[in-house]
Amino acid sequence: MKVLAKEGQILCPGDAIASGEDIKEIEGTYINGNELCASIVSKASIKGDNIRLIAMKGAYLPYEGDYIIGKIIDVNAPNWYFVDINCAYEAGLNIRDASNQYLDTERYGMTHYFSYGEVIFSRIQKVSDTMRIDLTMKENGLMKLNGGVLMPFNPNKFARILGKDDSMINMIQEKTNTKIFVGMNGLAWISGKALDIKKAKEVIEIIDAEGHIEGLTKKIEDMLKKGEKK
Amino acid sequence: MTAKKTEEKKTESRKSYKATGRIDKRKATEMRPMEMSIGFLPNCAGSARVKVGNTIAIAGVYGPKKARPKHEELKDKLLLRCYYDLVSFSVPDRARPGPSRRSTELGMVIKSALERSIFTEFYPRSMVEVFIEVVQADAGSRCASIIAASLALADAGIEMRDLMPAVACGKIDDLVCVDLTKAEEDYHEGEGPTDIPIAYLPNQDEITLLQLDGKISKEELAQAIKMGIVACKEIHKQMKQTIRSKYEKR
């Protein structure tokens, strides 16, 4: 395999990344003849033969196992909650996957457990070919999120907001005195005092806008130390 | 002297368009100056503005989002909708606002051209809407619209095979040339004007739009398409540069 793109290069749709017979399709690429081409605007990260594309923009596409933040939008269907997960498709949460405990909906009703507008931190259990999405809450750490503020961000910057071994998000939580949940679907839930939430939001906005630039961690560190936006 | 003879004498004395040269002194293969920018509409997923000479087109992309109305949703691929509109002050005579036969047709033509460049199978049961506003029209508005829409789709992060450049080539009297202006389209002497808009996918070497309005011989059509493809490749380079400069300058 011959790598044609350079490290850190901004790729446009159709740009050749590598050529040869042993090329493999990765996320954000397609194979055109014997060339691997980019299909989205992205930044190339190349280490030897290991190629990865960091997308600059793009809507969230659901995959099995993704941890997401969603908002309950419908509880009318029997035994089903419908959840807005910040993408083109609605997700469904069946009552039997909504908790480890038995939920007696006949006695208390559906809205007793989850009601309209409530926010949940959940996991995608299954995605069908036609994009029917099933969620689950049967796992430690998955819960209903009470209070707090929801904030959208570019889902492609999820890894950057989390940081290496969650270092970035832990730093933001610590310095701003807030509690933050970040969903892979481009939604962050922030809880704390109003001014602290504002500060945390500003930091996430900067990571969102400048996530592809090197030296961002240092900039965020300095910003949080000074307690003001640079 | 009879009227017929006077007419014949006039035709003999008239210089051909090839001999006089183009109205704006451009060469046959020369395009008008082009400006492009992306991502300036904050409420859109992606947006672009393209200026080709005096023609200005603005495109905004919304989605992928839930397909509405539900009965139009496609189970296995993306539903792409294109709306083309001439702003009322974009032409010398006021254009009547709202949809017209022409805008509906152009919306459909642009949609079918763009659909070829998008991986529609990646977004089943969803919808992407492309709104195109032509703010100033001086011929070649559908080509400017296709360039703007393609850039806006790339800016929105939709997975695509390639960016799609487009250009209007054609024949004025006896001269085959690219990127016609409104004055050239209205040149009715000699053989008159022929307008051939072309959209082209350079990576796939595929023509996705080819329309013809006027009269042209087979050989001249082949020549016009050839010239159009060369021009499209040049526009393609500029489109890529526009995207790169947005992220590299930061």
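The sections below set out a description of the structure shown in this document. (Residues numbered from 1 in each chain as written. Chains lettered and ligands numbered in written order. Predicted model: local features only at pLDDT ≥ 70, side-chain atom pairs only at ≥ 80, totals over all residues. Heavy atoms only, no water.)

**So, the pairing of strand β8 (residues 67-74) of chain A**
Residue and element names in this part refer to chain A. Condition: Following DSSP output, two strands are said to pair if at least two bridges run between them. The helix and strand labels rest on DSSP assignments: H or I over at least four residues marks a helix, E over at least two residues marks a strand, and numbering proceeds from the N terminus.
Bridge analysis of β8 against strand β11 (residues 119-127) gives 5 bridges, and the strand direction is antiparallel. Bridged to Gly70 within β11 is Ile120. The loop that links β8 with its antiparallel partner strand β9 (residues 80-84) comprises 5 residues; one of these, Asn79, has a positive phi angle of about 65°.

**Section: unusual backbone geometry**
Residue and element names in this part refer to chain B. Cut-off, in case you're wondering: For every residue, the accessible area (1.4 Å probe, protein chains only) is compared with the maximum for its type, and the residue is labelled buried under 20%, exposed over 50%, or partly exposed between those bounds.
Geometrically, the link from Gly63 to Pro64 is a cis peptide bond, its omega value of 5° lying close to zero. Residue placement: Pro64 occurs in strand β3 (residues 55-66). The omega angle of the peptide bond from Arg68 to Pro69 is -5°, so this bond is cis rather than trans. For Pro69, the location among the structural elements is in the loop between β3 and β4 (79-86). A positive phi angle is found at Lys25, which is not glycine, with a value near 65°. Owing to a relative accessible area of 71%, Lys25 belongs among the exposed residues under this scheme.

**Some remarks on the sheet that holds strand β5 (residues 35-38) of chain A**
Residue and element names in this part refer to chain A. Spatially, β1-β3-β5-β4 is the arrangement adopted by the 4 strands of the open sheet, whose pairing is antiparallel. Each edge of the sheet is formed by a strand with only one pairing partner; in this case those strands are β1 (2-3) and β4 (29-32). In this structure, β1 lies alongside strand β3 (residues 16-19), joined through 2 bridges in antiparallel fashion. Bridge pairing links Val3 to Ala18 in β3.

**Quick look at the sheet that holds strand β8 (residues 193-201) of chain B**
Residues and elements named next belong to chain B. Heads up, the condition is: Geometry is summarised by axes, namely lines fitted to C-alpha atoms with helices restricted to the contacting stretch, and by angles between N-to-C directions that run from 0 to 180 degrees. Any two residues having at least one pair of non-hydrogen atoms within 4.5 Å are treated as being in contact.
On the basis of which strands lie adjacent, the open sheet formed by 4 strands has the order β7-β6-β8-β9 and antiparallel pairing. Unpaired on one side and paired on the other, β7 (175-178) and β9 (206-210) mark the two borders of the sheet. The mean inter-strand angle of the sheet, taken between neighbouring strand axes irrespective of direction, is 25°. Of the strand pairs in this sheet, strand β6 (residues 166-172) and β8 are connected by 7 bridges, and their pairing is antiparallel. Counted as the bridge partner of Val167 is Ile198 from β8. Sheet strands in contact with helix α4 (residues 141-155) are β6, β8 and β9, and its direction is about 165° off that of β6.

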